[in-house]
Amino acid sequence: MKIVADSAIPFLRDVLEPFAEVRYLPGADISAADVRDADALVIRTRTRCGAALLEGSRVRMIATATIGFDHIDTAWCAAHGIEVSTAAGCNARGVLQWVGAVLADLSRRQGWQPAQRTLGIVGVGHVGSLVRRYAEAWGFRVLCCDPPREERERCGFLPLGEVAREADLITFHTPLDATTHHLADAALLARTKPRAVIINSSRGEVVDGEALKASGREWVLDVWEHEPHIDRELLGKALLATPHIAGYSEQGKANATALSVAALARRFGLPLAGWYPPQAAASSPRPIAWQELCDTVRGIYDIGAESRRLKAHPEDFEALRDGYAYRREYF
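The name given to the protein in an unreviewed UniProt entry is Erythronate-4-phosphate dehydrogenase, with Alistipes dispar as the source organism.

(A) How the structure looks around the overall build of the protein. Helix and strand counts for the protein stand at 14 helices and 11 strands. Taken against the 2.2 N^0.38 rule, which gives 20 Å for 331 residues, the C-alpha radius of gyration of the protein at 20 Å falls within 12% of a compact globule. Counting only C-alpha atoms, the protein reaches 60 × 45 × 40 Å along its principal axes. Every one of the 331 residues in the protein was classed for burial, and the buried ones make up 57%. Look at the contacts in the protein between residues 6 or more apart in sequence, and 59% of them connect residues 24 or more apart. Accessible area for the protein stands at about 13,800 Å²; split by element, carbon and sulfur atoms hold 51% of it.

(B) Geometry of the UniProt feature "domain: D-isomer specific 2-hydroxyacid dehydrogenase NAD-binding" (unreviewed entry) in the protein. Here the UniProt-annotated "domain: D-isomer specific 2-hydroxyacid dehydrogenase NAD-binding" (unreviewed entry) positions come out as residues 107–246. Helix makes up 35% of residues 107–246 and strand 17%, and the two end C-alpha atoms of the span are 19 Å apart.

(C) Here's a closer look at the nonpolar core. Among the nonpolar cores identified, the biggest contains 43 residues, and Trp98, Trp138, Phe140, Leu169 and Val220 are the most heavily contacted of them. Broken down by secondary-structure element, the contributors of at least two residues to this core are helix 4 (92–110), strand 6 (118–122), helix 5 (126–138), strand 7 (141–145), strand 9 (197–200) and helix 12 (290–300). If you tally residues by element for this core, the top one is helix 4, at 10 residues. Ala164, Leu176, Leu212 and Leu235 belong to the second largest nonpolar core, which has 28 residues in total.

(D) Molecular detail of the domain arrangement of the protein. When the domains of the protein are assigned, the result is domain 1 (2–86) and domain 2 (91–246 + 292–323). Just the C-alpha atoms count here: the centres of domain 1 and domain 2 sit 29 Å apart. Opposite the seven residues of domain 1 that make contact, domain 2 presents eight residues. Here domain 1 meets domain 2 over a buried area of about 720 Å², counting both sides, of which 35% is carbon and sulfur. It is Arg46, Ile67 and Asp70 in domain 1 that bury the most area against domain 2; as a group they hold 64% of the surface buried on that side. Applying the counting rule to domain 1 against domain 2 returns four salt bridges. Viewed at the interface, domain 2 and domain 1 are joined by four residue pairs in polar contact (both at pLDDT 80 or more).

(E) Region of interest: the pattern of salt bridges. Summed over the entire model, instances satisfying the criterion amount to 23 salt bridges. Its salt-bridge partner being Glu227, residue Arg46 comes within 3.1 Å of it at the nearest N-O pair. Within this pair, whereas Arg46 is found in the loop between strand 3 (40–43) and helix 2 (51–54), its partner Glu227 is found in the loop between strand 10 (218–221) and helix 10 (232–237), the two being separated by 181 residues in sequence. On the basis of relative accessible area, Glu227 is assigned to the buried category, the value being 18%. A salt bridge links Asp105 to Arg108, with the nearest nitrogen and oxygen atoms 3.3 Å apart.

(F) Structural context of the environment of Leu160. Mapping Leu160 onto the fold places it in helix 7 (residues 160–166). Leu160 gets classed as buried once you look at its relative accessible area, which sits at 19%. Separated by 120 residues in the primary sequence, Leu160 and Ala280 place their C-alpha atoms 39 Å from one another.

(G) Layout of the pairing of strand 8 (residues 169–172). Side chains Leu169 and Thr171 of strand 8 all project onto a buried face; the interleaved residues Ile170 and Phe172 project onto the opposite face, where all are buried too. One ladder, built from four bridges, connects strand 6 with strand 8; its direction is parallel. Bridge pairing in strand 8 links Leu119 to Leu169. Direction of pairing for strand 8 relative to strand 9: parallel, over a ladder of four bridges. Bridge pairing links Thr171 to Ile199 in strand 9.

(H) Seen up close, the packing of helix 4 against helix 12. Here helix 4 crosses helix 12 at 105°, and the two axes come no closer than 9 Å. In terms of orientation, helix 4 and helix 12 fall into the roughly perpendicular class. Listed contacts from helix 12 to Gln97, Gly100, Ala101, Leu103, Ala104, Ser107 and Arg108 of helix 4 are Trp290, Leu293, Cys294, Val297, Arg298 and Ile300. The residue inventory of the contact of helix 4 with helix 12, partitioned by class, reads eight nonpolar, three polar and two charged.

What counts and what doesn't
- Residues numbered from 1 in each chain as written.
- Predicted model: local features only at pLDDT ≥ 70, side-chain atom pairs only at ≥ 80, totals over all residues.
- Heavy atoms only, no water.
- Helix = DSSP H or I, 4+ residues; strand = E, 2+ residues; numbered from the N terminus.
- Rg over C-alpha atoms; globule rule 2.2 N^0.38 Å.
- Buried < 20%, exposed > 50% of the residue type's maximum accessible area, 1.4 Å probe, protein only.
- Contact = heavy atoms within 4.5 Å.
- Areas by Shrake-Rupley, 256 points an atom, 1.4 Å probe, with all protein chains shown as cover.
- UniProt positions renumbered as here; feature names shortened; annotations may be inferred.
- Core = buried A, V, L, I, M, F, W, Y, C linked by side-chain atoms within 4.5 Å.
- Domains from an automatic or database assignment.
- Buried area = accessible area lost by both parts, 1.4 Å probe.
- Salt bridge = Lys/Arg side-chain N within 4 Å of Asp/Glu carboxyl O.
- Polar contact = N/O pair within 3.5 Å; in protein donor to acceptor, adjacent residues only side chain to side chain.
- Pairing = 2+ DSSP bridges.
- Axes fitted to C-alpha atoms, helices over the stretch in contact; angles between N-to-C directions.
- Parallel < 35°, antiparallel > 145°, perpendicular 65-115°, else oblique.
- Nonpolar A, V, L, I, M, F, W, Y, C, P; charged D, E, K, R; others polar.

Shown next as structure tokens:
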């Protein structure tokens, strides 16, 4: 059995080797020649999986150590008998901590308290649900938009236009597909408050960068169109900017790798069911009060310093991402 794996996936080395030949490569460099005789791939978002990569290969499973799967042509894979496994929900608390750091930073620099702000959440899945729960406890008025969930569950979520009109801060937590590409476009941005802050940690293409620059609004971005070749003007004018690492907590990365290994174990009968990286600390979810968040988050995760690093060296986007020191989840 042969597995091709992204060399930047943490905690994976020496786990699969007793049962398979494993070749580690930079994700963006994995080629059709590399995967032709592979049975499975373990990847991240930098590996585009479709006919160009997989045609003629013997690949039967792709395990992506990410919550999203827009880098995979799932229809093509299904038609060719290739199973796709994701790590949905793996890094939800890591993204929650990033959002908490953003809100605490904006509160400090703009001089407001949560009771004075309405937070709009677009996409109320694993991440959005956590953000909603904590933001409400912190005192924000929270408005939610998730059309697929609203259609299924009739849970009282609002239309996107209404959230855009009323929210002071709008945070996006949607997958990327045909319905969410440039979801935040010029028309939507024109409906927001003049001082609204757009926050995106989902996928770069969910927000139209050109429209954002022309909108007169403010923004905080972790994800960018055309990564790693990011728009320097969009970067320079961002209130805060990070290199696609919102979910890069130690526990989130451990969860993602564990879910990928579990998928391979199930598909190929490997004796690795229940495996979890022994070097990763356990997560201890807990409530955290707004004041405690403001008092402690910079000691754990200084988002301002990280933003300054990226702005100073945008050419290092990929290196900053791949060499990232994973944060510890502490709530």
